Amino acid sequence: MTMSTEPRIYAACLAAYNAGRIHGVWIDCDGKSAEELAEEVAAMLASSPVPSAEEYAIHDREGFGGFDVGEFTALSDVAEVTSLLEEYGDIARAAATLALNDLDQVRALCEDKYLGTWSSLEEYAENLLEGQINLPSELACYFDFEAFGRDLELSGDISTVEGADGQLQVFDNH
């Protein structure tokens, strides 16, 4: 069985779980509002083998990348995370690791602080300088772009997150 790359949650009935029974459903989250997710959870609870089941928990999740979707994460947060993933993809996944799941901060990083994807800090630093000063090619060979990129990160001017493909997502810290 392969894991889904699309965000989805496994919502489990807590009354059934506490009674030693497994009852739940996988819910695909793409394009769904919190209300639509709640409707699917309500339908699962209504079909519970335990009468009058009212509570659920998220017992599993797939496709959320760096986002921490836990047992009692609100469905409104699940819908917002899904929306961020739909809109920004890997950029949002990288931002989530920097913002520690603060959804407002993740959105700000994606919208205002994202500086691009680069193969290395050296490549980012070279591109940055090319856009700011006209460094003649006969002088550029003397400039240490690798050290400059490393200094930008170490000084806290930028943050980077390495993706599975080895590429760096770069974010401005100002």
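A quick note: this is a predicted structure, and the numbers were derived from the prediction, not measured. (Residues numbered from 1 in each chain as written. Predicted model: local features only at pLDDT ≥ 70, side-chain atom pairs only at ≥ 80, totals over all residues. Heavy atoms only, no water.)

(A) Spotlight on the sheet that holds strand β2 (residues 24–28). Pairing is antiparallel across the open sheet formed by three strands, whose spatial order is β2-β1-β3. The sheet is open, and its two edges are formed by β2 and β3 (56–62), each paired on a single side. Mean inter-strand twist for the sheet, computed between neighbouring axes without regard to direction, equals 25°. Across the sheet, helix α2 (residues 34–46) lies against β1 (8–13), β2 and β3, angled at about 160° from β2, the strand it touches most. (Pairing = 2+ DSSP bridges. Helix = DSSP H or I, 4+ residues; strand = E, 2+ residues; numbered from the N terminus. Axes fitted to C-alpha atoms, helices over the stretch in contact; angles between N-to-C directions. Contact = heavy atoms within 4.5 Å.)

(B) A look at the nonpolar core. If you look at the biggest cluster of nonpolar residues, it comprises 35 residues, and the most contacted ones within it are I9, F64, F67, V78 and V106. At seven residues, the largest contribution of residues to this core is made by helix α3 (residues 75–88). Those residues within four positions of I9 in sequence are excluded, and the remaining contacts are V25, W26, I27, C29, I58, D60, R61, F64, V69, L75 and V78. (Core = buried A, V, L, I, M, F, W, Y, C linked by side-chain atoms within 4.5 Å. Buried < 20%, exposed > 50% of the residue type's maximum accessible area, 1.4 Å probe, protein only.)

(C) Layout of helix α5 (residues 103–113). Residues of α5 that are buried include every one of L103, V106, L109 and C110, and no others. Relative to the axis of α5, the buried residues are bounded by an arc of 120° and lie together on one face. In α5, the exposed residues that point more than 90 degrees away from the buried face are D104 and D112. Residues of α5 that are buried in the fold lie against α3, α4 (90–99), β4 (114–118) and β6 (168–172). By the N-cap criterion, in which a side-chain oxygen at the helix start approaches the backbone nitrogen of a residue two or three places on, α5 is capped by D102, the distance to D104 being 3.1 Å. (Arc of directions from axis to C-beta. Polar contact = N/O pair within 3.5 Å; in protein donor to acceptor, adjacent residues only side chain to side chain.)

(D) Focus on the pattern of salt bridges. Using the criterion set out here, one finds five salt bridges in the structure. Taking the shortest distance from any N to any O, the salt bridge between R8 and E62 comes out at 2.8 Å. Taken as a pair, R8 in strand β1 and E62 in strand β3 lie far apart in primary sequence, 54 residues in all. Residues R8 and E62 agree in their burial class; the two are buried. Between E87 and R107 there is a salt bridge; the shortest N-O distance is 3.5 Å. Placement of E87 in helix α3 and of R107 in helix α5 is noted, with a sequence separation of 20 residues between them. On the basis of relative accessible area, E87 is assigned to the partly exposed category, the value being 48%. On the accessibility criterion, R107 (22% relative accessible area) is partly exposed. One salt-bridge network, held together by shared partners, links E87, R107 and E111. (Salt bridge = Lys/Arg side-chain N within 4 Å of Asp/Glu carboxyl O.)

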